[in-house]
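Remarks on the overall topology
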Amino acid sequence: MSATSDGVSQSLTEGKRINWLNSIFLIGSPVVAPIAGYWHATTFGIGWTEIILFFVWYWACGLSITVGYHRLFSHKSHEASPVLVFIYALFGAGAFQNSIIEWSSDHRNHHKYTDLQQDPYNAKKGFLWSHIQWILVDDTNEQDFTNVKDLFADPIIAWQHRHIFKIGIFVGMIVPGLIGLAFGGIGGGIGGFLWGGLIRTIFVHHGTFLINSAAHVWGRQPYSQTNTSRDSFWLAFFTFGEGYHNFHHAFQADYRNGHRWYHYDPSKWWISIFSLFNLNKKLKRTPNGSIAVAKLDGRFERMKKLLARNNSSADFSDFEHKMADCRKNLRRKMLELSKKNEEYKKSIAAKKAELGRQIAEIKGALEDIRVEISIIFREMKVTSKTSLG
């Protein structure tokens, strides 16, 4: 899966050239930063100033990428107040991952052309390519921003795009250095620059890069098997909730990546909390019925593949007809349940008893559908074992 120097050669033959600025920074910083960090630690020591600056800037820049660049600007999963947009613009620049406009353009192309040649970080080109190598080369032609015309209309985003490097250096490096200087003198200033700036940048970079690479290699595919995206709790833990990547590719407009309440997704919690103060609004959520149907489709496709491996001439038509009926009924009943639950919340006390009875009936029908689905899968397993025999 890995791409070596052959990947670079291939890139150059495809009309691309090495981006020396990106290459020097992305390859040089992981070499220089540990050496500089060790020198600072042994010369001045590491105090609370450096530790706090590291974590505050790590979360501020990381969430500005996941909540701002990704879910808000690239996917329009919700609307945010100008105050939050400005914060995302500042700390997103400090993450050193290009402007909102460039990042969103690449990401929209990634979703439009996932795993195809036009995908900027196509995972099928190898782990190294999708992780970092694609950033080290440039198209010889000027980048096309026609897919992000909507973003140019926002004055904050347009301003950030024009001044991205100045904002990035000031917010991402100079400000933590100045804060460190104010609280810890020369040693604190150097420490703020290194730990809140340079070293923190490396962690945020590779956390983001893991979603482009590892989230297309390791994990489960419960919702869609039409592309390489995968769900992984461990990646979610290290990437502010972005690791539920198969769900995200199936339902990219959803403001959540981890749609269950217990899924670790700090980005969705951030969006939800600020919606309580009216700083976020129009949060988009995928209907539970659509999620359930997608999960059912994924399970059915996996079972079909298992049957095909055991018996290449197996006939799936009967199972497909039965599952199509279950799929249609499941979606319909879950939509009915959702509507009745909303009615129940808004109803007066006199109507709650009747609505409660109707909800219980729908839940009973859903349970019958689930039993029918279980029977279909059981029959498919029996067919699989019979084929093996």
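Our subject is the structure that appears above.
Everything in this summary refers to the structure shown in the same document. What you see is a predicted model, and the numbers here were worked out from it, not measured in a lab. Positions within a chain are numbered from 1, following the residues in the order the chain's sequence is written. Reporting of local features is limited, given that this is a predicted model, to residues whose pLDDT is at least 70; pairs of side-chain atoms are given and counted only at 80 or more, and all residues count toward the totals for whole chains, interfaces and linings. Note that water and hydrogens are dropped before the side-chain values are worked out from all heavy atoms of the structure.

What to know about helix α4 (residues 82-94)
Look at α4: 18 Å from first C-alpha to last across 13 residues, which is about the 18 Å you get at 1.5 Å a residue. The rule is simple: take the accessible area with a 1.4 Å probe, protein chains only, and divide by the maximum for that residue type; under 20% is buried, over 50% is exposed, in between is partly exposed. Counting from the N terminus, the helices are DSSP H or I runs at least four residues long and the strands are E runs at least two residues long. Listing the buried residues of α4 in full gives Leu84, Val85, Tyr88, Ala89, Leu90, Phe91, Gly92, Ala93 and Gly94. Positioned one or two residues after α4, Phe96 has a phi angle of 55 degrees, which is positive. Any helix carries an expected span of 1.5 Å times its number of residues minus one.

Topic: the packing of α4 against helix α8 (residues 155-162)
Here the axes come from fitting lines to C-alpha atoms, over the contacting stretch only for helices, and the angles between their N-to-C directions go from 0 to 180 degrees. As a packed pair, α4 and α8 sit with axes 9 Å apart at the nearest point and diverge in direction by 15 degrees. The orientation of α4 with respect to α8, classified from their angle, is roughly parallel. For the crossing formed where α4 meets α8, the hand is right-handed. Residues Pro82, Val85, Phe86, Ala89, Leu90, Gly92 and Ala93 of α4 lie in contact with α8, whose contacting residues are Ile156, Ile157, Trp159 and Gln160. Our angle categories are set so that under 35 degrees counts as roughly parallel, over 145 as roughly antiparallel, 65 to 115 as roughly perpendicular, and the remainder as oblique. Definitions for this section: a left-handed crossing has its near helix turned counterclockwise from the far helix by less than a right angle. A right-handed crossing has that turn clockwise. For this analysis, residues touch if any pair of their heavy atoms sits within 4.5 Å.

Concerning the side chain of Ser229
By the element assignment, Ser229 lies in the loop between α9 (164-212) and α10 (233-238). The contact partners of Ser229, leaving out residues within four places of it in the chain, are Ala215, His216, Arg220, Gln221, His245, Asn246 and His249.

Let's talk about the pattern of salt bridges
The working definition used for a salt bridge is a side-chain nitrogen of Lys or Arg within 4 Å of a carboxyl oxygen of Asp or Glu. All told, the structure shown has 17 salt bridges when counted by the stated rule. Among the salt bridges present, the one from Lys322 reaches Asp318, with a minimum N-O distance of 3.6 Å. Of the two residues, Lys322 and Asp318 are both situated in helix α14 (residues 317-346); the distance of four residues between them amounts to about one turn of the helix. By relative accessible area, which is 30% here, Lys322 ends up partly exposed. Residues Lys340 and Glu343 are paired through a salt bridge, measuring 3.9 Å at the closest nitrogen-oxygen approach.

As for the environment of Phe145
Relative to the assigned elements, Phe145 resides in the loop between β3 (137-139) and α7 (149-152). Taking the C-alpha atoms as reference points, Phe145 and Lys281, 136 residues apart in sequence, are found 27 Å from one another. Among all residues touching Phe145, those that are not within four sequence positions of it are Ile101, Glu102, Ser105, Phe152 and His161.

A closer look at the side chain of Thr228
Structurally, Thr228 is set in the loop between α9 and α10. Exposure remark for Thr228: the relative accessible area of 15% places this residue in the buried category. For this analysis, a polar contact is any N or O atom pair within 3.5 Å, provided that within protein one partner can donate a hydrogen and the other can accept it, and provided that sequence-adjacent residues contribute only side-chain to side-chain pairs. Side chain to side chain, Thr228 and Asp115 meet in a polar contact 2.8 Å long. Look past the residues within four positions of Thr228 in its chain and what remains in contact with it is Asp115, Ala123, Lys124, Ala215, His216, Val217 and Gln221.

Let's talk about the packing of aromatic side chains
Centres within 6.5 Å are what make two rings of Phe, Tyr or Trp a pair, Trp counting through its six-membered ring; a difference in plane orientation under 30 degrees is then read as stacked, over 60 as edge-to-face, and the rest as tilted. Taken as a whole, this structure holds 24 aromatic pairs when the rule is applied. Here Phe233 and Trp234 contribute two aromatic rings whose centre-to-centre distance is 5.1 Å and whose plane-to-plane angle is 70 degrees, an arrangement assigned as edge-to-face. Given the relative accessible area of 39%, Phe233 is considered partly exposed. Aromatic rings pair up to connect Phe54, Phe55, Tyr58, Trp59, Phe203 and Phe240 into one cluster. Geometry around Phe377 places Arg299 over its ring, the cationic atom sitting 3.8 Å from the centre. Between Lys352 and the ring centre of Tyr344, over which it is positioned, the NZ or CZ distance is 4.3 Å. A positively charged side chain is recorded as over a ring if its NZ (Lys) or CZ (Arg) lies within 6 Å of the ring centre. The angle to the ring normal must also be within 35 degrees.

Comments concerning the nonpolar core
Throughout this description, the term nonpolar core refers to a set of buried Ala, Val, Leu, Ile, Met, Phe, Trp, Tyr and Cys residues connected via side-chain atoms within 4.5 Å. Ranked by internal contacts, the top residues of the largest apolar core, which has 34 residues, are Trp57, Tyr69, Phe73, Ile100, Leu151 and Ile157. With near-sequence residues (within four places) excluded, Ile157 lies in contact with Phe73, Val85, Ile100, Ile101 and Leu151. Core analysis: the next-biggest nonpolar cluster, separate from the first, contains 20 residues, Leu307, Cys326, Ile362 and Ile373 among them.

Observations regarding a positive patch on the surface
Judged by side-chain charge, Arg220, Arg260, Lys295, Arg299, Arg302, Arg378 and Lys381 come together as a positively charged surface patch. For the positive patch, the secondary structure elements donating two or more residues are α13 (288-310) and α15 (349-388). Top contributing element to the positive patch by residue count: α13, with three residues. Mapped onto the fold, Arg302 is located in helix α13. According to the relative accessible area criterion, Arg302 is partly exposed, its value standing at 37%. Exposure above 30% relative accessible area and the absence of a salt bridge qualify a residue for a patch, where like charges join within 9 Å and nonpolar side chains (Val, Leu, Ile, Met, Phe, Trp, Tyr) within 5 Å. Only the protein chains shown count as cover for residues, and all accessible areas are computed by the Shrake-Rupley method using a 1.4 Å probe. Here Asp and Glu are counted as negative and Lys and Arg as positive; His is not counted, and neither are the chain ends. By convention, charge coordinates are those of NZ in Lys, CZ in Arg, CG in Asp, or CD in Glu.

Remarks on α14
Over its 30 residues, α14 runs 44 Å from end to end, which matches the ideal 44 Å to within 8%, given 1.5 Å per residue. Of all the positions in α14, only Phe319, Met323, Cys326, Leu330, Lys333, Met334 and Leu337 are classed as buried.

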